[in-house]
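Summary of the model geometry
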Amino acid sequence: MEAIKFQNTVHHDRILIVFIFLFVDLSLCSPSQTQGELPYMTSDVKEVAGNSFDYIVVGGGTAGCPLAATLSEKFSVLLIERGGSPYGNPWVMEKRYYGFSLIQTDEFSSVAQDFKSGDGVRNCRGRVLGGSSAINGGFYSRASEDFIDQVGWDKELVKDAYTWVESKIVSIPELTPWQTVVEFGLLEAGILPYNGYSLEHIEGTKIGGSIFDVWGIRHTSADLLKAANPKNIVVVLNATVKNIIFEGNGNATETTVKGIRFIKSDGTTDQTYEAYLNQPKNCTSNGDVILSAGALGSPQILLSSGIGHREHFKKFNIPHVLNLKGVGKKMKDNPSIAVFVDTNPQNRLPDPPQVSGIAKDLKFIIEGGIIPTGFNATRMPIAAKIAFPVSEGELKLSSTDPRQNPSVKFNYLADENDLDDCANMVHLLERVAKSESIAFYLGVKPQNNLMTSTDGQRKFCKANVRTYYHYHGGCPVGSVVDNDYKVYGVKGLRVVDGSTFLESPGTNPMATLLMLGRYQGVKILREREHV
């Protein structure tokens, strides 16, 4: 009787929320896109070759775009992106094609680049202006207060940076029928309290923000470039950075960055081009090359430039520059388990997650969606991930071609604690997937045959572990970069992206990476004011 009363209460609350939403001006639920124009973009590498800039940001992804836009307020910036533009591509920009970019990939030019880890798990990385914010589910949720405390960020500046991002590209979603059913399934499984719409990372079931607006248009991090000073920024597309150039000043005690060396993404590795940092006279503080190429790209560039463990470079004939042993270490990916609630592929409209269940002291994250498995077929997974995994792996070079993926192994569930957590998570995941709400929606009978054997759950985890696409590490704070994201032992080099994280923040890292780009950009501007 109590369960029926509880469900009815939640049902009435949801009706009230929808009722209120219908009477709200839709313009209030969608970010303002009227301010500013996109800066100058070119795929002609010769236009920037040989030129100098105050800052060079490598990677126009989730963190790189807000960082470059912010720095351009007062300094000249080159933003270099290995992929093309997301604009005009319906597979990127339109919600109805969510997931299509992940099912058709090629080696050098697709907006998503496949890679398979040494664990045998298929994964992908963004290769387009906007980075992974151009290919993901668009779910926007901030980091927890504990995460912000642990990394030691300025709370007021964090809040301002989040707000800056949200005012430009984040919307309140209008739940689809399937997302409403998932929401009820999470509540029915006991993932409480019900938090309604919230951007905070808190225990229970909630509706998150979305970078898809109410018209189904995606607003990637590239949209944040509209806030840039167009006179101070150049965006070069389809250009892949090969390595960092260092000053040949003969000073063995200090390694100084001079610029970058890059190739055309559809060219050859033999034809290279260079861009440089400005060297202003009578100035004690010059600009930086800032790597924002992601958890695979940034450590790959450092290694390709001779920064890393000395033994790593012998087989590739790369001159060793700095023995920084942490490069490529502490690679982590959140272990995930997914179950399909439909029995056969259907031809439904793709449906990215809008609702999240956060349980077990923020350790379990559960969401549901509808994903394409082909151009005329979809499946309906309910997926869960383990936050704070103990197991970690390593990234190494596999080639001197910067367009090739590095070699990476995450060692999913290698630690017994992760395996135990996964077994517990499977039990909760099954309760959601086999809930009466989902069964009713699909027109099937509810199933009560939950997997009860811990040994069975552990075996199921080992056999079915997959990615949640939230991999991180490779340039962690404390071993590769300091608290200002400056690379140890190198002048003029920083890393600002998910490779610096020791754990993936929030339900997913996108919101915090967007914030981090803005946050670090503002910090750098403030630092230069006091020089």
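What counts and what doesn't
Residues numbered from 1 in each chain as written. Predicted model: local features only at pLDDT ≥ 70, side-chain atom pairs only at ≥ 80, totals over all residues. Heavy atoms only, no water. Salt bridge = Lys/Arg side-chain N within 4 Å of Asp/Glu carboxyl O. Helix = DSSP H or I, 4+ residues; strand = E, 2+ residues; numbered from the N terminus. Phe/Tyr/Trp six-rings, centres within 6.5 Å; stacked < 30°, edge-to-face > 60°. Lys NZ or Arg CZ within 6 Å of the ring centre and 35° of its normal. pLDDT = per-residue confidence, 0-100. Contact = heavy atoms within 4.5 Å. UniProt positions renumbered as here; feature names shortened; annotations may be inferred. Pairing = 2+ DSSP bridges. Domains from an automatic or database assignment. Buried area = accessible area lost by both parts, 1.4 Å probe. Nonpolar A, V, L, I, M, F, W, Y, C, P; charged D, E, K, R; others polar. Disulfide = S-S within 2.5 Å. Buried < 20%, exposed > 50% of the residue type's maximum accessible area, 1.4 Å probe, protein only. Polar contact = N/O pair within 3.5 Å; in protein donor to acceptor, adjacent residues only side chain to side chain.

1. So, the pattern of salt bridges
Opposite charge on two side chains permits pairing when their charged atoms draw close. Tallied over the entire structure, the rule returns 22 salt bridges. Measuring nitrogen to oxygen at the nearest pair gives 2.5 Å for the salt bridge that ties Lys74 to Glu529. Here Lys74, found in the loop between α2 (64–71) and β4 (77–80), pairs with Glu529, found in helix α11 (residues 510–529); they are 455 residues apart in sequence, far enough to count as distant. Beyond isolated ion pairs, a larger network of salt bridges with shared partners links Arg142, Glu166 and Glu200.

2. Side note on the packing of aromatic side chains
Under the criterion given, the structure shown has 13 aromatic pairs. Pairwise contacts between aromatic rings join Trp91, Tyr97, Phe100 and Phe375 into one cluster. Over the aromatic face of Trp164 sits the side chain of Arg518, whose NZ or CZ is 4.2 Å from the ring centroid.

3. Section: the confidence of the model for the protein
Averaged over all residues, the pLDDT of the protein equals 92, while 91% of them reach at least 70. For residues 1–28, every residue scores under 50 in pLDDT, and the model assigns this stretch 20 contacts once sequence neighbours within four places are set aside.

4. Here we look at the UniProt feature "binding site: FAD" (unreviewed entry) in the protein
Here the UniProt feature "binding site: FAD" (unreviewed entry) sits at Val128, Val241 and Gly498. Not counting the four nearest positions on each side in its chain, Val128 is found in contact with Gly60, Glu81, Gly83, Gly84, Ser85, Pro86, Val111 and Ala134. Topologically, Val241 is positioned in strand β12 (residues 239–246). Among residues more than four places away in sequence, those in contact with Val241 are Val58, Ile80, Ile260, Arg261, Phe262, Ile301 and Pro402.

5. Some points on the sheet that holds strand β1 (residues 41–42)
Reading across from one edge, β1-β11-β4-β3-β15-β28 is the order of the six strands in this open sheet, with parallel pairing throughout. The strands lining the two open edges of the sheet, one partner per strand, are β1 and β28 (493–495). Relative to strand β15 (residues 289–291), strand β3 (residues 55–58) runs parallel, the two sharing three bridges. Across the sheet, the residue bridging to Val58 is Leu291, located in β15.

6. Brief notes about the domain arrangement of the protein
Bring the parts together and some accessible area is lost; that lost area is often taken as the interface size. You can read the domains of the protein as domain 1 (41–171 + 215–332 + 392–408 + 470–530) and domain 2 (174–207 + 335–386 + 413–464). Relative to domain 2, the C-alpha centre of domain 1 lies at a distance of 31 Å. Of the residues lining the interface, 22 residues belong to domain 1; the matching set on domain 2 comes to 24 residues. Taking both partners together, domain 1 and domain 2 bury about 1900 Å²; carbon and sulfur atoms supply 65% of that area. Between the two partners, domain 1 and domain 2, sit one salt bridge. One salt bridge in this structure joins Glu200 and Arg142, with 3.3 Å as the shortest N-O distance. The class makeup of the residues in the side of domain 1 that touches domain 2 is seven nonpolar, 11 polar and four charged.

7. Side note on the state of the cysteines
Within the structure shown, the criterion is met by one disulfide. Residue Cys422 pairs covalently with Cys461 via a disulfide, S to S 2.2 Å. Around the S-S axis, the bridge from Cys422 to Cys461 shows a dihedral of about -100° and counts as left-handed. With a gap of 39 residues between them, Cys422 in helix α8 (residues 416–433) and Cys461 in helix α10 (residues 454–464) connect regions that are remote in the sequence. One exposure class covers both Cys422 and Cys461, and it is buried. No disulfide involves Cys65; its sulfur sits 18 Å from the nearest other cysteine sulfur, which is in Cys124.

8. Comments concerning the side chain of Arg379
For Arg379, the position within the fold is in strand β22 (residues 377–379). In this structure the side chain of Arg379 is engaged in a polar contact, spanning 2.8 Å, whose partner is the backbone oxygen of Asp342. With sequence-adjacent residues up to four places away left out, Arg379 is seen in contact with Phe340, Asp342, Thr343, Asn344, Pro345, Gly369, Ile370, Ile371 and Thr373.

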